[in-house]
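Spelled out, the chains give:
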Amino acid sequence: MEAASVVFSLGALRITSTVVTTWGILMAFGLSCWLATRRLSVDHPGLVQTALEGVVQSIEAAIEGVLPGRAGLLLPFVGTLWLFVAVANLTGIVPGLHAPTGNLSTTAALACLVFVSVHWFGIRSEGLKNYLRHYLVPSPILLPFHLLGEFSRTIALAMRLFGNIMSLEMAALLVLLVAGLLVPVPVLMLHIVEALVQAYIFGTLALIYIAGGMQSHAAAEHSEAPSSNDTKGSTP
C-alpha cells in the first residue's frame, strides 16, 4: 500500500490525504445527521428514520448484552466509534480513495481514544480510589504486569485493524491486477463484508475493554473473596 501523500501544509504541519479523507468522513457524518434528524416523527416515521432507529437499537442491544443498564451512557461513544470505523473501512471501495484505517496513524488514534475511554468510564463508574485499587489486586507485585497489559492491548488494537485493512486493500488490488475486470463484483463484496467484520471486531473489543474498566471494583472484590475464604477456613 502506498504512503499517504501530502495534500497541503500549515506551516510545519503536513496534512496528508488520510487526514483529508477522515475530515471528509466526519463532515459527511455531521451533514447526514443534520439532514436525517430535521423531520423526525413519532406517528409517521419515514424510511430513513426507521433505518436509523434500527441501527441505533442494534448498537444499544449489543451494549446491553455486555453491560446491562449502561447502554444510555455508552451509546454515544461506542455507537460513534462503530459507525466511524465501518464507514472508514468502506472508504477503500471508492475509486481514488484509501481507507483511513489502512494508515497506522488513524488506528493508533482510535486505539488511544479507547484507552482513554476505558479509564474515563471506569473512574466515572467506580470512583478514582476503587478504580486504581484494582491494579493492586490480587497482589501489588502484579502492578507492572497490569500496566503492561493496558499498553499492550492498546497497541494490539491499533495494529490489528491497521493490518487487516491494509492487507484487504492490497489483496483486492493484486486480484484486480491479475484478473482485470473479470472478478470486480466478488472482490467488492468481499471487501464490504471484511470491512464491516473488522469494524464490528474493533467496536466489540473496545466495548469489552470499557466494560472491564467499569466492573474493575467488582472483579477485584471477587478475586479477593477466595483468599479471604481460605484464610477463614484455615483458622482453627
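Before reading further, recall that the structure is shown in the block above.
All values reported here derive from a predicted model rather than from experimental measurement. (Residues numbered from 1 in each chain as written. Predicted model: local features only at pLDDT ≥ 70, side-chain atom pairs only at ≥ 80, totals over all residues. Heavy atoms only, no water.)

Observations concerning the overall build of the chain
Step number 1: Each helix and strand in the chain was counted, giving 8 helices and 2 strands.
Step number 2: When the elements of the chain are put in sequence order from the N terminus, they spell out β-β-α-α-α-α-α-α-α-α.
Step number 3: Every one of the 236 residues in the chain was classed for burial, and the buried ones make up 30%.
Step number 4: A sequence separation of at least 24 residues applies to 68% of the contacts in the chain between residues at least 6 apart. (Helix = DSSP H or I, 4+ residues; strand = E, 2+ residues; numbered from the N terminus. Buried < 20%, exposed > 50% of the residue type's maximum accessible area, 1.4 Å probe, protein only. Contact = heavy atoms within 4.5 Å.)

Quick look at the pattern of salt bridges
Step number 1: Across all of its chains, the model carries 1 salt bridge by this definition.
Step number 2: Linking E150 and R153 is a salt bridge whose minimum nitrogen-to-oxygen distance equals 3.2 Å. On the criterion of helical spacing, the pair formed by E150 and R153 is a turn pair, its members being 3 residues apart in helix α6 (residues 143–179).
Step number 3: Looking at R153, the relative accessible area reads 25%, which means it is partly exposed. (Salt bridge = Lys/Arg side-chain N within 4 Å of Asp/Glu carboxyl O.)

A few points about the pairing of strand β2 (residues 13–16)
Step number 1: With 4 bridges connecting them, strand β1 (residues 6–10) and β2 associate as antiparallel partners. Bridge pairing in β2 links F8 to I15.
Step number 2: Two successive antiparallel strands, β1 and β2, enclose a turn made up of 2 residues, where G11 displays a positive phi of approximately 70°. (Pairing = 2+ DSSP bridges.)

Re a nonpolar patch on the surface
Step number 1: On the surface, a cluster of nonpolar side chains totalling about 770 Å² of accessible area is made up of V7, F8, L10, L13, V20, W23, L26 and M27.
Step number 2: At the level of elements, β1 and α1 (17–36) are the ones that each hand at least two residues to the nonpolar patch.
Step number 3: Among the elements that make up the nonpolar patch, the one with the highest residue count is α1 (4 residues).
Step number 4: Its place among the elements puts L26 in helix α1. (Patch = residues over 30% accessible without salt bridge, like charges linked within 9 Å, V, L, I, M, F, W, Y side chains within 5 Å. Areas by Shrake-Rupley, 256 points an atom, 1.4 Å probe, with all protein chains shown as cover.)

Examining the nonpolar core
Step number 1: Core analysis: the biggest nonpolar cluster contains 33 residues, and L74, V85, V114 and F202 have the highest contact counts within it.
Step number 2: Among the secondary structure elements, those contributing two or more residues to this core are α2 (47–66), α3 (71–90), α4 (104–126), α6 and α7 (184–214).
Step number 3: Sort the elements by how many residues they give to this core and α3 lands first, with 9 residues.
Step number 4: Setting aside its immediate chain neighbours within four residues, F202 contacts L81, V85, L110, A111, V114, L157 and L161. (Core = buried A, V, L, I, M, F, W, Y, C linked by side-chain atoms within 4.5 Å.)

Digging into the packing of α2 against α3
Step number 1: Taken N-terminus to C-terminus, the directions of α2 and α3 make an angle of 115°; their axes are 9 Å apart at the nearest point. Once α2 is placed against α3, the crossing between them reads as right-handed. Residues V55, V56, I59, E60, A62, I63 and E64 of α2 pack against A71, L74, L75, V78, G79, W82 and L83 of α3.
Step number 2: Considering only residue class, the contact of α2 with α3 consists of 11 nonpolar, 1 polar and 2 charged. (Axes fitted to C-alpha atoms, helices over the stretch in contact; angles between N-to-C directions. Left-handed = near helix turned anticlockwise from the far one by under 90°. Nonpolar A, V, L, I, M, F, W, Y, C, P; charged D, E, K, R; others polar.)

Quick look at the side chain of H191
Step number 1: With respect to the helices and strands, H191 occurs in helix α7.
Step number 2: The exposure class assigned to H191 is buried, which follows from its relative accessible area of 5%.
Step number 3: Not counting the four nearest positions on each side in its chain, H191 is found in contact with N89, G92, I93, L168, E169 and A172.

Describing the packing of α3 against α4
Step number 1: Between α3 and α4, the least distance of the axes is 12 Å, while the angle of their chain directions is 170°. Classified by the interaxial angle, the pair formed by α3 and α4 is roughly antiparallel. On the side of α3, the interface is formed by L73, L74, F77, L81, F84 and V85, while α4 contributes L110, L113, V114, S117, F121 and R124.
Step number 2: Looking at the contact of α3 with α4 residue by residue, the class counts come to 10 nonpolar, 1 polar and 1 charged. (Parallel < 35°, antiparallel > 145°, perpendicular 65-115°, else oblique.)

Here we look at the packing of aromatic side chains
Step number 1: Counting across every chain of the model gives 4 aromatic pairs.
Step number 2: On the basis of an interplanar angle of 90° and a centroid distance of 5.9 Å, the ring pair of Y131 and Y135 is categorised as edge-to-face. Neither residue differs from the other here; Y131 and Y135 are each classed as buried.
Step number 3: The lysine or arginine in question, R38, covers the ring of W34, its NZ or CZ lying 5.1 Å from the ring centre. (Phe/Tyr/Trp six-rings, centres within 6.5 Å; stacked < 30°, edge-to-face > 60°. Lys NZ or Arg CZ within 6 Å of the ring centre and 35° of its normal.)

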